[in-house]
Amino acid sequence: MDYFELVFQKRTITDFLGAEKKSSKFRLTKRYYLVIKRFFDIVFSITSLLLLSPLLLVISLLIYFDQHGPIFFTQERVGKNGKIFKIYKFRTMVVNAEELLSNLLSKNEMDGPMFKMKDDPRVTRIGRYLRKLSLDELPQLYNVIKGDMSLVGPRPPLVSEVKKYTKSDLERLTILPGCSGIWQVCGRNTIDFTTMVKMDLWYKNNQCLLLDSLIILKTIKNIIFFKDSHAY
């Protein structure tokens, strides 16, 4: 975070020219940024899905023959401004994973409303490898194409998690959630919920194409070297 803050501090002469002029310039800049970001999201996602289609087929077959259950896992998440959408992932847990969660809440290793558990017994044999390589999240590219998510942004929370949010926590829902973000590339499971929220709010106030590009490149690097992968 220190590195990102050093590169992306927004201290310009406009700070001294009045809030109204600064606000107008920011809106104009942000409008172009969002248009370009959306264009890149669509092009990158479609291209990736086409190029990775053989891999997606292999993963689908492995999941099916491992447990003969559904290939994809869908779950309701909360997006920008509280919009509820269905997120898509390759299934990495047993079919009744949601039902078993209540028995594992006491073993939660994350503070706040999020649930994370190392060596979660609900994860399947194939699922552990998919999570280790972050391949289970590839179907989220479809969410990006639909406009529910972006390539870069805050993690989309569960509906049950948002019900426990404080007023300041809710601010992270004012921008589009992403497949990757500051939290994912700066520690992931080692970062507590409060710090994750601070990171998301920092990203919201400093988002730009260069920052997004750095996060995407660092995400790819982490996947290649199995760093910060979400084995749980």
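Residues numbered from 1 in each chain as written. Predicted model: local features only at pLDDT ≥ 70, side-chain atom pairs only at ≥ 80, totals over all residues. Heavy atoms only, no water.

Chemist: Would you explain the packing of aromatic side chains in this entry?
Modeler: Think of a pair of aromatic rings as described by two things: how far the centres are apart, and how the planes are tilted against each other in angle. Going through the model one piece at a time under the given rule, you end up with five aromatic pairs. Taking 5.4 Å as the distance between ring centres and 70° as the angle between the ring planes, the aromatic pair formed by Tyr88 and Tyr142 counts as edge-to-face. In this pair, Tyr88 is assigned in strand β2 (residues 84–90) and Tyr142 in helix α6 (residues 140–146), connecting sequence segments 54 residues apart. (Phe/Tyr/Trp six-rings, centres within 6.5 Å; stacked < 30°, edge-to-face > 60°. Helix = DSSP H or I, 4+ residues; strand = E, 2+ residues; numbered from the N terminus.)

Chemist: Looking at this structure, how should I read the environment of Asp200?
Modeler: Mapped onto the secondary structure, Asp200 falls in helix α9 (residues 193–206). With a relative accessible area of 4%, Asp200 lands in the buried category. Sequence-wise, Asp200 and Arg155 are 45 residues apart; in three dimensions their C-alpha atoms are separated by 8.6 Å. Setting aside chain neighbours within four positions, we find Asp200 in contact with Pro154 and Arg172. (Buried < 20%, exposed > 50% of the residue type's maximum accessible area, 1.4 Å probe, protein only. Contact = heavy atoms within 4.5 Å.)

Chemist: What am I meant to see in the nonpolar core here?
Modeler: Soluble globular proteins: nonpolar side chains tend toward being buried together. Among the nonpolar cores identified, the biggest contains 28 residues, and Met149, Leu151, Val152, Ile182, Tyr203, Leu211 and Ile215 are the most heavily contacted of them. Listing elements by their share of this core, those giving two or more residues are β2, α6, β3 (150–152), α8 (182–185), α9 and α10 (209–224). Residue contributions to this core peak at seven residues, all from α9. Those residues in contact with Tyr203, other than ones at most four positions away along the chain, are Tyr33, Lys37, Val152, Gly153, Ile175, Ile182, Leu211, Asp212 and Ile215. Residues Leu56, Ile63, Phe90 and Leu135 belong to the second largest nonpolar core, which totals eight residues. (Core = buried A, V, L, I, M, F, W, Y, C linked by side-chain atoms within 4.5 Å.)

Chemist: Explain a nonpolar patch on the surface here, please?
Modeler: Taken together, the side chains of Leu57, Leu61, Tyr64 and Phe65 make up a nonpolar region of the molecular surface, amounting to roughly 430 Å² of accessible area. By the element assignment, Leu61 lies in helix α3 (residues 53–67). (Patch = residues over 30% accessible without salt bridge, like charges linked within 9 Å, V, L, I, M, F, W, Y side chains within 5 Å. Areas by Shrake-Rupley, 256 points an atom, 1.4 Å probe, with all protein chains shown as cover. Salt bridge = Lys/Arg side-chain N within 4 Å of Asp/Glu carboxyl O.)

Chemist: Any chance you could explain unusual backbone geometry here in plain terms?
Modeler: Peptide bonds are trans in most cases, and residues, glycine excluded, mostly fall at negative phi. Even without a glycine there, the phi angle at Asn81 is positive, about 55°. Within the fold, Asn81 resides in the loop between β1 (72–78) and β2. The backbone of Ser134 shows a phi angle near 60°, a positive value even though the residue is not glycine. As for its placement among the helices and strands, Ser134 is situated in the loop between α5 (125–132) and α6.

Chemist: Is there a simple way to explain the packing of α9 against α10 in this structure?
Modeler: To characterise two packed helices, one gives the angle between the axes of the helices and the distance between these axes. Relative orientation of the contacting elements α9 and α10 amounts to 135°, with a least axis distance of 9 Å. One way to sum up the angle between α9 and α10 is to call them oblique. Across the interface between the two elements, Trp202, Tyr203 and Asn206 from α9 touch Leu211, Asp212 and Ile215 from α10. The residue inventory of the contact of α9 with α10, partitioned by class, reads four nonpolar, one polar and one charged. (Axes fitted to C-alpha atoms, helices over the stretch in contact; angles between N-to-C directions. Parallel < 35°, antiparallel > 145°, perpendicular 65-115°, else oblique. Nonpolar A, V, L, I, M, F, W, Y, C, P; charged D, E, K, R; others polar.)

Chemist: Sorry if this is basic, but what is going on with the pattern of salt bridges here?
Modeler: Side-chain pairing between opposite charges can occur once the charged atoms of the two side chains come close. In total, this model carries seven salt bridges according to the counting rule given. Across the salt bridge formed by Asp148 and Lys83, the nearest N and O atoms sit 3.4 Å from each other. A residue pair is termed long-range when its members are at least 10 positions apart, and Asp148 in the loop between α6 and β3 and Lys83 in the loop between β1 and β2 qualify at 65 residues. By relative accessible area, Asp148 is classed as buried at 7%. Lys204 serves as the salt-bridge partner of Glu171, at 3.1 Å between the closest nitrogen and oxygen. Taken together, the residues Glu171 in the loop between α7 (159–162) and β4 (178–180) and Lys204 in helix α9 connect sequence positions 33 residues apart.

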